[in-house]
Amino acid sequence: MVPEQSVFFAIRGAHHDGHHYIGDLYAQGVRQFVVEQRPTDADTQFVDAEFIQVPNTLTYLQEAAAAHRARFSVPVIGITGSNGKTIVKEWLTQLLTPTYTIVRSPKSYNSQVGVPLSVRQLNEQHTLAIFEAGMSKPHEMAALEPIIRPTIGLFTNIGTAHDEGFKTRKQKIAEKLRLFVRADTLLYSLDYTDVADEIDILIRAVNPRCRLIGWSAQHNPAATYLTHVQGDVLQLTDRVDNRWTVPLPFTDAASVENLTHCLVTLLTLGVTDNAEINRRVARLRPVSMRLELKEGINNSVLIDDSYNNDVAGLRLALDFQKQQSNRDHKTVILSDVLQSGQDEADLYAFIARLLAEQGVTQLIGIGPVIGRNRALFAPNSLFYPTTDAFLADLPNRLARELRESVVLVKGARSFSFERIVDRLQRKVHGTVLRIDLDALTHNLNYYREKIGQQTKIMVMVKAFAYGSGSAEVARLLQFHQVDWLAVAYTDEGVFLREQGITLPIMVMNPTAETFQTLLDYGLEPEIYSMRLLQAWGDFVARVGQGDETTRSPSPEPPAPCPLHLKIDTGMHRLGFLADQMADVVTYLKAQPALRVATVFSHLVGADEAQFNSFSQQQFETFGRAVAVLEAGLGYRPVRHLLNSAGIVRFPDYRLDMVRLGIGLYGVESSQLERERVRPVGTLTTTISQIKTVPKGESVGYSRRGVLDHEARIATLAIGYADGYDRRLGNGVGEVWVNGQLCPTVGNVCMDMTMIDVTNATADEGDEVEVFGPHVTVSELARRLKTIPYEVMTNVSERVKRVFYAG
Ligand SMILES: *Cc1c(COP(=O)(O)O)cnc(C)c1O
């Protein structure tokens, strides 16, 4: 973002209100705002800012984008469908780049806000646009149609997932088809018969001039193109027996379908020469939509974005770099930016400004074009004509430029920046826990939507954020402006402060020895007993007086220290009993230096219907305790009761705040809305060795794994010391190996586990999933007769965490 040139649209969403960010953005230099409500202090606080007031900011943004779109007459491909939108869009871009100057949606910008922003990039230089459109609620597609206004429509497919808000699949398909009510051409697969039927009915009725181009891999006679895969070759035949034979770079079913969509698009656009098509297909790369944080050598952190180099993508990556790191040194390794359709000098001047605004301390530019524009960049920038030249000079640079730095690596494909990443990355092998930061955001938004804007949210990041890695998770939560974090112990809070977390942090188990540390780091204790209350009160009073003698006289009394009162309403773990409230009040009234920031209790069975009446009883007990407290104190602390399951099951008990825990990490423990949260962690390991072991032999310690068949046995680089529970041995646990579940054999060892891969395709070095999308944490917990919490927090700290987004 270049603040001075930016316009901020304050959009109210289900879980954010953009108006809350105006102050921060003003401080960063933004001066133009589109708002629904002028800040009341606009004339005093934001004197030189311009506010455009509109009834609905989102609608305004969308209408402006539609007006922008209407100025252009180039072909526009609009893509929708359940899966594959982004991959098809990226591949089409790769395949059509030799023919067109293309603008496309960055990453998967396909929402109500993302689409207008994507379309605004369209300019006079572009000869083709490719935008994707997604939808999470009814009526959204109708809003996106005038913004994208596709001339060529592409419907990828329809998934089986049941979407909230749609009564039937038909309704969902019909809604998606609204994107194509004015398209000249519509491409789709006839093999999704629901889609094809709906197109037959709807599009023929509302848009009769639309040319329908369907393809089929199942000999459907209505198809414009019939396809057939043999080995790794795809054949396409049209109605007059023209035939194209295309070697496939990827042969999994999803890739073949995505590629077929692309090929049909190429043919439709007149790229029909088989040899030319094959040349372009051979250069296709897998689409990396992820921005992955990797540990680099020399204590650096890498952000690998080595396949994308458009300007919009650069901006996203720089945002990610800023958000994910508290390091002083920010390095960007950037290649020539190809195909921007913009004047060269303008483009690099813009990039130089962007880098400066984002606090990038060092640019390393690679390529002739960025090199000849070096005068535009900061004087300490380094330039190399080729990737090879940079790699040759790398040993000289590593110590100085890259040490302790967070390095964003971003380049056009032809520069092969994956070689740079390979050299800079500290190799992780063996067992890795990958954390999907986008899934975390998705889950946070899901719970925020449930509780509404009036309810605050405290997020539990105790126990290393349920095993996920507390610093990175906390940074993301800070970015999303949650109200409080909570940890179990003072140490955990100190660690977060050292990582640059400034949010209020509650410490649930403070001890007298850590009181000074709490104050030093601005951490807020949970107070659960009279003994602890008095000890904390005495301590604060003593420190306050100490201050009195040493500090220079000041008219301001010190701000009272926030604390959190825990009420025991039935858990019988920590907490005051309700009838102690009167004593608590008496004590607090004599301690003006203490302030009760929040008061809370914890349900013992929020996730189970059998305890509903007990939960209600806890709620009522809590209410009585709070009433006494409020009456006595004369002010209202923030009240909170619900954990993740409670948020889903007891909307009436939300009070002022909720405490989100396991749901954020992808386990919806009430089980009522399990599909609405996304799994966050994937634990993988690698196969160290495979051997064939004869029937009757045994595998592992104590000869427990006796084979009743000749078996291929694979040894995994994970054991109980990594958190793979020993009780998962002897077939109780299964891991996912190249699309196949494989059982454990014999006892789990400390650092290794053996599995039977007789029925799977498996090679030494292959990665296997221990838990994640195919082996869920909940399923593992079920087999272990425990709860998901234990499985997640058991992943030991020696297991590397890798964070990614996108
Ligand atoms: C851990 C914890 C939570 C969060 O519970 P989840 O079931 O993970 O949502 C809430 N409140 C307290 C007091 C906790 O200790």
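Residues numbered from 1 in each chain as written. Predicted model: local features only at pLDDT ≥ 70, side-chain atom pairs only at ≥ 80, totals over all residues. Heavy atoms only, no water.

**Student:** What's the story with the UniProt feature "modified residue: N6-(pyridoxal phosphate)lysine" (unreviewed entry) in the protein chain in this structure? I'm lost.
**Tutor:** Within the UniProt annotation, "modified residue: N6-(pyridoxal phosphate)lysine" (unreviewed entry) is assigned to Lys-462. Secondary-structure assignment places Lys-462 in helix H17 (residues 462–466). Taking the relative accessible area as the measure of exposure, Lys-462 reaches 25% and is therefore partly exposed. Among all residues touching Lys-462, those that are not within four sequence positions of it are Ala-486, Val-487, Ala-488, Glu-492 and Met-508. (UniProt positions renumbered as here; feature names shortened; annotations may be inferred. Helix = DSSP H or I, 4+ residues; strand = E, 2+ residues; numbered from the N terminus. Buried < 20%, exposed > 50% of the residue type's maximum accessible area, 1.4 Å probe, protein only. Contact = heavy atoms within 4.5 Å.)

**Student:** What is the right way to read the pairing of strand S6 (residues 128–132) from this model?
**Tutor:** Each regular strand displays side chains that alternate between the two surfaces of the sheet. Taken across its five residues, S6 has five buried, putting it largely inside the fold. Residues of S6 alternate between two faces, with Leu-128, Ile-130 and Glu-132 on one and Ala-129 and Phe-131 on the opposite face, all of them buried. Note: strand S4 (residues 76–80) against S6, four bridges, orientation parallel. For Val-76, the partnering residue across the bridge sits in S6 and is Ala-129. Sheet topology note: the strand S5 (residues 102–104)/S6 ladder contains three bridges and is parallel. Bridged to Arg-104 within S6 is Ile-130. Between the parallel elements S5 and S6, the chain passes through helix H5 (residues 114–119) in a crossover that is right-handed. (Pairing = 2+ DSSP bridges. Right-handed = clockwise from strand over helix to strand, strands pointing away.)

**Student:** Help me understand the UniProt feature "domain: Alanine racemase C-terminal" (unreviewed entry) in the protein chain, please; the structure alone is not making it clear to me.
**Tutor:** Here the UniProt feature "domain: Alanine racemase C-terminal" (unreviewed entry) sits at residues 680–804. Secondary structure across residues 680–804 comprises 10% helix and 36% strand; the distance between its end C-alpha atoms is 10 Å.

**Student:** So what exactly am I meant to see when it comes to the confidence of the model for the protein chain here?
**Tutor:** Close inspection of predicted coordinates is inappropriate in any region flagged by low pLDDT. Of the residues in the protein chain, 95% have a pLDDT of 70 or more, and the chain-wide mean is 90. The low-confidence segment residues 547–555, where pLDDT is below 50, has two contacts with residues more than four positions distant or belonging to other chains. (pLDDT = per-residue confidence, 0-100.)

**Student:** I tried to follow the nonpolar core on my own but got confused; where do I start?
**Tutor:** Formed by 140 residues in total, the largest nonpolar core has its most connected members in Val-461, Leu-485, Leu-533, Trp-536, Leu-565 and Val-737. The contacts of Leu-565, once residues within four sequence positions are left out, are Ile-527, Phe-576, Val-584, Leu-588, Val-596, Thr-598, Val-599, Phe-600 and Leu-629. In terms of nonpolar packing, the next biggest core, distinct from the first, is built from 35 residues, Ala-129, Ala-133, Leu-190 and Val-195 among them. (Core = buried A, V, L, I, M, F, W, Y, C linked by side-chain atoms within 4.5 Å.)

**Student:** Teacher, can you tell me more about the environment of Asp-652 here?
**Tutor:** In this fold, Asp-652 is placed in the loop between helix H24 (644–649) and strand S27 (657–660). When the C-alpha positions of Asp-652 and Ser-468 are compared, they lie 30 Å apart, and in sequence the two are 184 residues distant.

**Student:** Sorry, what's going on with the sheet that holds S5 here?
**Tutor:** Strands belonging to one sheet form pairs held by backbone hydrogen bonds; the direction of such a pair is parallel or antiparallel. An order of S5-S6-S4-S7-S8-S9-S10-S11-S12 is seen for the nine strands of this open sheet, with the pairing classed as mixed. The open sheet has two edge strands with one neighbour each: S5 and strand S12 (243–247). Ignoring strand direction, the axes of neighbouring strands in this sheet form an average angle of 20 degrees. Summarising the sheet, strand S8 (residues 185–189) and strand S9 (residues 211–216) pair through five bridges and their orientation is parallel. Of the residues in S9, the one forming a bridge with Leu-186 is Leu-212. (Axes fitted to C-alpha atoms, helices over the stretch in contact; angles between N-to-C directions.)

**Student:** Help me out: how do you make sense of the packing of helix H22 (residues 581–589) against helix H23 (residues 612–633) in this one?
**Tutor:** Helix-helix packing is characterised by the crossing angle of the two axes and by the distance between the axes. Direction vectors running N to C along H22 and H23 enclose 25 degrees, while the axes themselves pass 9 Å from each other. Considered as vectors, H22 and H23 are oriented roughly parallel to each other. Note on packing geometry: the crossing formed by H22 with H23 is right-handed. Where H22 approaches H23, its residues Met-581, Ala-582, Val-584, Val-585, Leu-588 and Lys-589 are matched on the opposing element by Ala-625, Val-628, Leu-629, Gly-632 and Leu-633. When grouped by side-chain class, the residues that make up the contact of H22 with H23 number nine nonpolar, one polar and one charged. (Parallel < 35°, antiparallel > 145°, perpendicular 65-115°, else oblique. Left-handed = near helix turned anticlockwise from the far one by under 90°. Nonpolar A, V, L, I, M, F, W, Y, C, P; charged D, E, K, R; others polar.)

**Student:** Is there a simple way to explain the pattern of salt bridges in this structure?
**Tutor:** Pairing between side chains of opposite charge can happen when the charged atoms of each approach one another. Summed over the entire model, instances satisfying the criterion amount to 31 salt bridges. One salt bridge in this structure joins Glu-132 and Lys-89, with 3.1 Å as the shortest N-O distance. Within this pair, whereas Glu-132 is found in strand S6, its partner Lys-89 is found in helix H4 (residues 85–96), the two being separated by 43 residues in sequence. The exposure class assigned to Glu-132 is buried, which follows from its relative accessible area of 0%. The exposure class assigned to Lys-89 is buried, which follows from its relative accessible area of 0%. Ionic pairing is found between Arg-434 and Glu-767, a salt bridge with its closest N-O pair at 3.6 Å. Taken as a pair, Arg-434 in strand S19 (residues 432–436) and Glu-767 in strand S35 (residues 767–771) lie far apart in primary sequence, 333 residues in all. (Salt bridge = Lys/Arg side-chain N within 4 Å of Asp/Glu carboxyl O.)

**Student:** How should I be thinking about the sheet that holds strand S2 (residues 32–35) in this particular structure?
**Tutor:** Here we have three strands laid out as an open sheet, ordered S1-S2-S3, and parallel in their pairing. Strands at the two margins of the open sheet, each flanked by one partner only, are strand S1 (7–9) and strand S3 (50–53). Shown here is a sheet whose adjacent strand axes are inclined to one another by a mean of 20 degrees, direction ignored.

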